[in-house]
Amino acid sequence: MELGPYLMLATLEGLVMASVLALTAVGLSLVFGVMRVVNIAHGEFFMLGAVLAWVIAQMVGGPPAMGFAVALVGAPLIVGAIAVAADMTILKRVAYDPERTIVATIGLLYIIQQLTLMSYGPDARPVEAPFNTRLALPWVEMKEGALALYWPWGLATTSYKLAVIGAGAVVLLGVWVMMARTRIGLVMRAVQADRDMATAFGIPVERVYAMVFGIGAALAALAAVLVVPITQAHYLMGADPLLLAFTVVIIGGLGSLPGTVVAAILIGLSDGIISVFFSPTLAKIIATLLVALVLVFRPQGLFGTRSV
């Protein structure tokens, strides 16, 4: 058995995970970078996006593509609005104090989780993919001194998984354009650099904070909508994305968006490849060891800057 074809398949699976993980972690990194808030409830915003995707798809009915398209737009907007309301009613009242915001977001985590359990129930429910064509993957081999394509048995992926990879790349590019090329991004970077100076120049810092908190939650919800046709929506599904997002943010560097994307690709690919050839448990162990090594030898992360 050749190793190459199955390594390619594992890499594709890893890229799917990396795309979803990057969107989730970029939202978390954006909130910390601008607001200096560690959002423990970030995984529950992810979960809420998946649950709302199922609810919206059921309400819309009709062809799966129609319900999924509405969910893809509606779920992130609803979750973002909930996050903005949470920022204005909870985080603003504790003055964004680092210690109190951790406690506040832990409380928010349990509120969202229990309300979802009471309304949605304990069952895991799938959302049908808008398209899911099975695609055979080719490989090359040497035949009579020349390269020739062949299709190994069982080596295949789906069109939807490839679309998730593409969608993740497009959204991440959009986030970069927003931060680097728009007035909103300029305002967010100004608040990140010096809150007091931004206030002196008339920037409504608290409104910026609410907007950033909403964008971060909406990105997590969008990641959940993309992945829920591959997995299932469940009220306890927020824990793993939260832990993996923190792993990515720590490795990439707190508040560093490029570092977060690179770390997400690294963790996603390693998880996909190691899970296929060895075991998912080993993949999690290696990710934990990477975090430990980064904290010991480069506490600011791979792309972070050391505070002075």
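To be clear, the structure that these remarks concern was listed above.
Conventions adopted
- Residues numbered from 1 in each chain as written.
- Predicted model: local features only at pLDDT ≥ 70, side-chain atom pairs only at ≥ 80, totals over all residues.
- Heavy atoms only, no water.
- Helix = DSSP H or I, 4+ residues; strand = E, 2+ residues; numbered from the N terminus.
- Areas by Shrake-Rupley, 256 points an atom, 1.4 Å probe, with all protein chains shown as cover.
- Lys, Arg positive; Asp, Glu negative; His and termini not counted.
- Charge placed at Lys NZ, Arg CZ, Asp CG, Glu CD.
- Salt bridge = Lys/Arg side-chain N within 4 Å of Asp/Glu carboxyl O.
- Buried < 20%, exposed > 50% of the residue type's maximum accessible area, 1.4 Å probe, protein only.
- Phe/Tyr/Trp six-rings, centres within 6.5 Å; stacked < 30°, edge-to-face > 60°.
- Lys NZ or Arg CZ within 6 Å of the ring centre and 35° of its normal.
- Core = buried A, V, L, I, M, F, W, Y, C linked by side-chain atoms within 4.5 Å.
- Contact = heavy atoms within 4.5 Å.
- Axes fitted to C-alpha atoms, helices over the stretch in contact; angles between N-to-C directions.
- Parallel < 35°, antiparallel > 145°, perpendicular 65-115°, else oblique.
- Nonpolar A, V, L, I, M, F, W, Y, C, P; charged D, E, K, R; others polar.
- Left-handed = near helix turned anticlockwise from the far one by under 90°.
- Polar contact = N/O pair within 3.5 Å; in protein donor to acceptor, adjacent residues only side chain to side chain.

### Considerations on the overall build of the chain
Tallying secondary structure elements over the chain gives 11 helices and 4 strands in all. Looking at the chain as shown, the accessible area adds up to about 15,200 Å², and 70% of this sits on carbon and sulfur atoms. If the 16 positive side-chain charges of the chain are averaged to one point and the 15 negative ones to another, these points end up 9 Å apart.

### Regarding the pattern of salt bridges
All told, the structure shown has 4 salt bridges when counted by the stated rule. For D97, the salt bridge is made with R100, and the minimal N-O distance between the two is 3.8 Å. A salt bridge links D271 to K284, with the nearest nitrogen and oxygen atoms 3.1 Å apart. Of the two residues, D271 sits in helix 10 (residues 257-277) while K284 sits in helix 11 (residues 280-297), which places them 13 residues apart along the sequence. Judged by relative accessible area, D271 falls into the buried class, the value being 10%. Since its relative accessible area comes to 37%, K284 is described here as partly exposed.

### Side note on the environment of Q300
Within the secondary structure layout, Q300 lies in the segment after helix 11. Along the chain, Q300 and T89 lie 211 residues apart, while their C-alpha atoms are 32 Å from each other.

### Description of the packing of aromatic side chains
Counted according to the given criterion, the structure contains 5 aromatic pairs. Taking the centre distance of 6.0 Å and the plane angle of 85° together, the rings of F45 and F213 count as edge-to-face. Linking F45 in helix 2 (residues 42-60) with F213 in helix 8 (residues 205-227), this pair joins segments that are 168 residues apart in sequence. A relative accessible area of 0% places F45 in the buried class. The class for F213 is buried, based on a relative accessible area of 1%. Measuring from centroid to centroid gives 5.5 Å for W54 and Y120, while their planes differ by 85°, and the two rings are edge-to-face. Taken as a pair, W54 in helix 2 and Y120 in helix 4 (residues 98-120) lie far apart in primary sequence, 66 residues in all. Positioned above the aromatic ring of W54, the side-chain terminus of R125 is 4.7 Å from the ring centre. The ring of Y120 carries the charged tip of R125 above its face, separated from the ring centre by 4.5 Å.

### Points about unusual backbone geometry
The phi torsion at R36 lies on the positive side, around 60°, for a residue other than glycine. Considering the arrangement of structural elements, one finds R36 in the loop between helix 1 (4-35) and helix 2. Positioned with a positive phi, A95 is a non-glycine residue whose angle comes to about 60°. Considering the arrangement of structural elements, one finds A95 in the loop between helix 3 (64-91) and helix 4.

### Details of the nonpolar core
Nonpolar side chains in soluble globular proteins tend to end up buried together. Membership of the largest hydrophobic core comes to 86 residues, with the highest contact counts inside it found for V34, M35, F45, F46, M188, V191 and V212. Apart from the residues within four sequence positions on either side, M188 is in contact with L30, V34, M178, M179, V208, M211 and V212.

### As for the packing of helix 1 against helix 9 (residues 239-252)
Following both chains from N to C, one finds helix 1 and helix 9 inclined at 75°, their axes separated by 9 Å at the closest point. Taken as axis vectors, helix 1 and helix 9 run roughly perpendicular relative to one another. Together, M17, L21, T24, A25, L28 and S29 of helix 1 and P241, L244, A245, F246, V248 and V249 of helix 9 make up the contact between the two elements. Of the residues in the contact of helix 1 with helix 9, the class split is 10 nonpolar, 2 polar and no charged.

### Quick word on the packing of helix 2 against helix 8
The contact between helix 2 and helix 8 brings their axes to 7 Å, and the two run at 50°. In terms of orientation, helix 2 and helix 8 fall into the oblique class. Taken as a pair, helix 2 and helix 8 cross one another with a handedness that is right-handed. Within the contact between the two elements, helix 2 uses H42, F45, F46, G49, A50 and A53 and helix 8 uses F213, G216, A217, A220, A221, A223, A224, V225 and V227.

### Examining the side chain of T24
Looking at the element boundaries, T24 is found in helix 1. Setting aside its immediate chain neighbours within four residues, T24 contacts H42, F46, A220, A223, P241 and A245.

### Considerations on the environment of T157
With respect to the helices and strands, T157 occurs in strand 4 (residues 156-158). T157 sits 55 residues away from I102 along the chain, and the two C-alpha atoms are 40 Å apart. Sequence-distant contacts of T157, defined by excluding residues within four places in its chain, comprise L12, T133, R134, L135, L137 and L162.

### Examining the side chain of H42
Relative to the elements of secondary structure, H42 occurs in helix 2. Only 2.8 Å separates the side chain of H42 from the backbone oxygen of T24, close enough to count as a polar contact. Excluding anything up to four places from it in sequence, H42 contacts T24, G27, L28, G216, A220 and L242.

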